[in-house]
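Read off the chains here:
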Amino acid sequence: MLLDIENLTLELPGTARPVLNGVSLRVAGGEVVGLVGESGSGKSTTARAALRTLPDRTVASGSVRVDGTDVLALTGDALRRHRARTVAMVHQDPRSALNPVRRIGDFLVERLTGTGLDKKAARTRAVELLDTVGLSDPERRFRQHPHELSGGMLQRVVIAGALAAEPRLLLADEATSALDVTTQAEILALLRTLRADRSLGLLFITHDLQLAAAYCDRVYVMYAGRVVEEQPAGGLFDRPRHPYTKGLLACSPTLGEGRRKILPIPGRPPSLADAFGGCEFADRCPDAEPECSTWRPEPVPLDGEGAATCRRLPALPGAGTERRNDR
Amino acid sequence: MTTALPQAAPLLAVDGLRKTYGLPGGGRLTAADGITFTVPAGGSLGIVGESGSGKTTVARMLVGLVRPDAGSISVSGRPRAPRTPRGREARLARAREIQMVFQDPYVSLDPRLTARQCLTTALRLHGRATTVADGLLDQVGLGAREAEARPHGLSGGQRQRLAIARALAVDPKVLVLDEAVAALDVSIQAQILQLLSEIRRDTGVALVFVSHDLAVVHHITDEVLVMRRGTVVEQGPTAEVLAGPQDPYTRLLLASVPRAGWDPADAVTARAATA
């Protein structure tokens, strides 16, 4: 297993609940795994755990393994090598990832010389990488500054930079959210090709459940620091099992036949100042019973694949019956 | 599918709107050109396009934040002057025609005013009874605690509700929303969309909904304008345009929306079909 997070709990001083609460997540080589949640659900923190770029004074329990290495135990040179070589991360805003006064080429060459290439080889390799990520005229791009390129082109440059060290695992944190839809589709097509060519593991973090379900192989849905559902992506559209996943699907506007009435989830996503005695979703859940607010959440395996963290799971309608389509 | 009945005089009529900006070096950038549409009372028009398509320029010309180079905007048959008129009464009357809600309510609300003060200020300015404020707060789903909170004490969704209430305080005929739900969490976005449908139903205000999100536009509008590089490439009833797009660019936008069985490579193929 490329990325194996096991029962990870992170606590920060000054918060009422753990930032992550018993998160278990796996990404295999060549697999695209989606991680979906609203703001404050802990999806970015989960990705940061794989790089161990966590805030100071974080108290962690559980384990994070990348390619068998215990990341939480790494220090010094080993940690630096881990961050530079094994795992790479692509963030939302490519403009803040690039130095505006340096050339595109410098950004790539710096990374490549860090992996042990000499200047000349690094230059050749940088131009190759720009070509790999689908930029036209890579020789010219190499000499340009960030302000001369559009957002979509810059995100390709950032992806080229992420690939420079030949990482095994790529973390994409809302990497396409700031882009126009047509550019998003191009970047996603590119990531899919790279995954296939390099058997790269990809953790794809997004707030967009429709996008994750359409693009990824497997999807984890997070709520208030906890994984509430995990399923093969195909199943999410047809058989969402956790009430929160169902709610997300029912409240997202979609294209297609007629105009489906959207059903908002009442209330708001919890902040770090909200503490819970039981299921975090209980007070927004249409299926909650009084017992839910004292139930200690734990994942319940689904028939087929995946799991959902819901006390009412056995009683709730499952396969295919649940499509709230009252138009 | 509800289609608004055609009426004698449209509430909002826009004809041949154009805006260009001078570029360093002498050229001119055409931000918007040949924008023509009408919206009936209680109607809802969507303007979709990607960044740089000119959709925000159109929205800002509607409210008067950008002065058009050419073209006319009229509300209820009365043309809007290209410049803000002199005199208090004329300015207030102009404000009552069209109001705007912006993407980021944090910068469009006064940080020093509580939610109730924000509304009473607008109401007093327009000579309306300040007692309406509680009704407005209730209409957008803000309670007693939120009424006394300042913008930093409100969540993103609550701030956007307040921005909508402030726009409604003036009792406008047209509400222009520029990416008003784009920055919100999915579950909150759905609440705001539902709120907008209710407000449209209850008050008969017409909506001009500017967005990059086709699914949202599909949900909330009757008519749609698809913009690209400053011009309208396709316009018509939303359901028809989205079900049978004629322009290759509209097809590209649709192919780029994720859904069950979607392959991003389809969008790349569709892009090859556009110039």
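Since this is a predicted model, take the numbers as computed values, not measurements. (Residues numbered from 1 in each chain as written. Chains lettered and ligands numbered in written order. Predicted model: local features only at pLDDT ≥ 70, side-chain atom pairs only at ≥ 80, totals over all residues. Heavy atoms only, no water.)

1. Observations concerning the overall build of chain B
Right, so step 1: Secondary structure summary: chain B contains 12 helices and 10 strands in total.
Right, so step 2: Whereas a compact globule of 275 residues would reach a radius of gyration of roughly 19 Å, chain B reaches 19 Å, a difference of no more than 12%.
Right, so step 3: Here the analysis covers contacts within chain B between residues at least 6 apart in sequence; of these, 65% occur between residues at least 24 apart.
Right, so step 4: With an accessible surface of roughly 12,100 Å², chain B has 51% of that area assigned to carbon and sulfur atoms.
Right, so step 5: In chain B, 31 side chains carry a positive charge and 26 a negative one; their mean positions are 9 Å apart. (Helix = DSSP H or I, 4+ residues; strand = E, 2+ residues; numbered from the N terminus. Rg over C-alpha atoms; globule rule 2.2 N^0.38 Å. Contact = heavy atoms within 4.5 Å. Areas by Shrake-Rupley, 256 points an atom, 1.4 Å probe, with all protein chains shown as cover. Lys, Arg positive; Asp, Glu negative; His and termini not counted. Charge placed at Lys NZ, Arg CZ, Asp CG, Glu CD.)

2. Brief notes about the environment of A:Arg57
All names here are of chain A.
Right, so step 1: Structurally, the position occupied by Arg-57 is in the loop between α1 (43–51) and β4 (59–66).
Right, so step 2: For Arg-57, a relative accessible area of 67% gives the class exposed.
Right, so step 3: In the structure, Arg-57 is positioned 44 residues away from Pro-13 in sequence and 7.2 Å away in space, judged by C-alpha atoms.
Right, so step 4: Non-local contacts of Arg-57, meaning those with residues more than four positions away in its chain, are made with Glu-11 and Pro-13. (Buried < 20%, exposed > 50% of the residue type's maximum accessible area, 1.4 Å probe, protein only.)

3. A look at the domain arrangement of chain B
Interfaces are frequently sized by the accessible area removed from exposure as the parts join.
All names here are of chain B.
Right, so step 1: Per the domain assignment, the segments making up chain B are domain 1 (12–109 + 171–244) and domain 2 (246–275).
Right, so step 2: Across the boundary between the two partners, domain 1 contributes 11 residues, which contact 10 residues of domain 2.
Right, so step 3: Where domain 1 packs against domain 2, one counts 0 salt bridges.
Right, so step 4: Seen at the junction of domain 1 and domain 2, the total is 5 residue pairs in polar contact (both at pLDDT 80 or more).
Right, so step 5: Ranked by residue count, the leading element in the side of domain 1 that touches domain 2 is strand β9 (residues 223–228), at 3 residues. (Domains from an automatic or database assignment. Salt bridge = Lys/Arg side-chain N within 4 Å of Asp/Glu carboxyl O. Polar contact = N/O pair within 3.5 Å; in protein donor to acceptor, adjacent residues only side chain to side chain.)

4. Describing empty space enclosed by the protein
Residue and element names in this part refer to chain A.
Right, so step 1: Counted under the stated rule, the structure contains 4 cavities of 30 Å³ or more.
Right, so step 2: Taken as a whole, the largest cavity holds about 70 Å³ of empty space.
Right, so step 3: Every residue lining the largest cavity is counted, 13 residues in all, and those nearest its centre are Cys-279, Cys-285, Cys-292, Cys-310 and Arg-311.
Right, so step 4: For the lining of the largest cavity, the per-class residue count stands at 9 nonpolar, 1 polar and 3 charged. (1 Å grid on protein atoms, 1.4 Å probe; cavity = no way out; pocket = protein on both sides within 12 Å on 5 of 7 lines; lining within 4 Å. Points joined across faces, edges and corners; volume = space filled by probe spheres on them. Nonpolar A, V, L, I, M, F, W, Y, C, P; charged D, E, K, R; others polar.)

5. Notes on the environment of A:Leu108
Residue and element names in this part refer to chain A.
Right, so step 1: On the secondary structure map, Leu-108 appears in helix α4 (residues 104–114).
Right, so step 2: Sequence separation between Leu-108 and Ala-126 is 18 residues, and the spatial gap between their C-alpha atoms is 5.8 Å.
Right, so step 3: Leave out the neighbours within four places in its chain, and Leu-108 touches Ala-126, Leu-130, Val-157, Ala-160 and Gly-161.

6. Quick word on the pairing of strand β6 (residues 87–90) of chain A
Residues and elements named next belong to chain A.
Right, so step 1: Both faces of β6 are covered, namely the face carrying Val-87 and Met-89 and the face carrying Ala-88 and Val-90.
Right, so step 2: Where β6 and strand β7 (residues 169–173) come together, 4 bridges link them in parallel fashion. If you follow Met-89 over to β7, its bridge partner there is Leu-171. (Pairing = 2+ DSSP bridges.)

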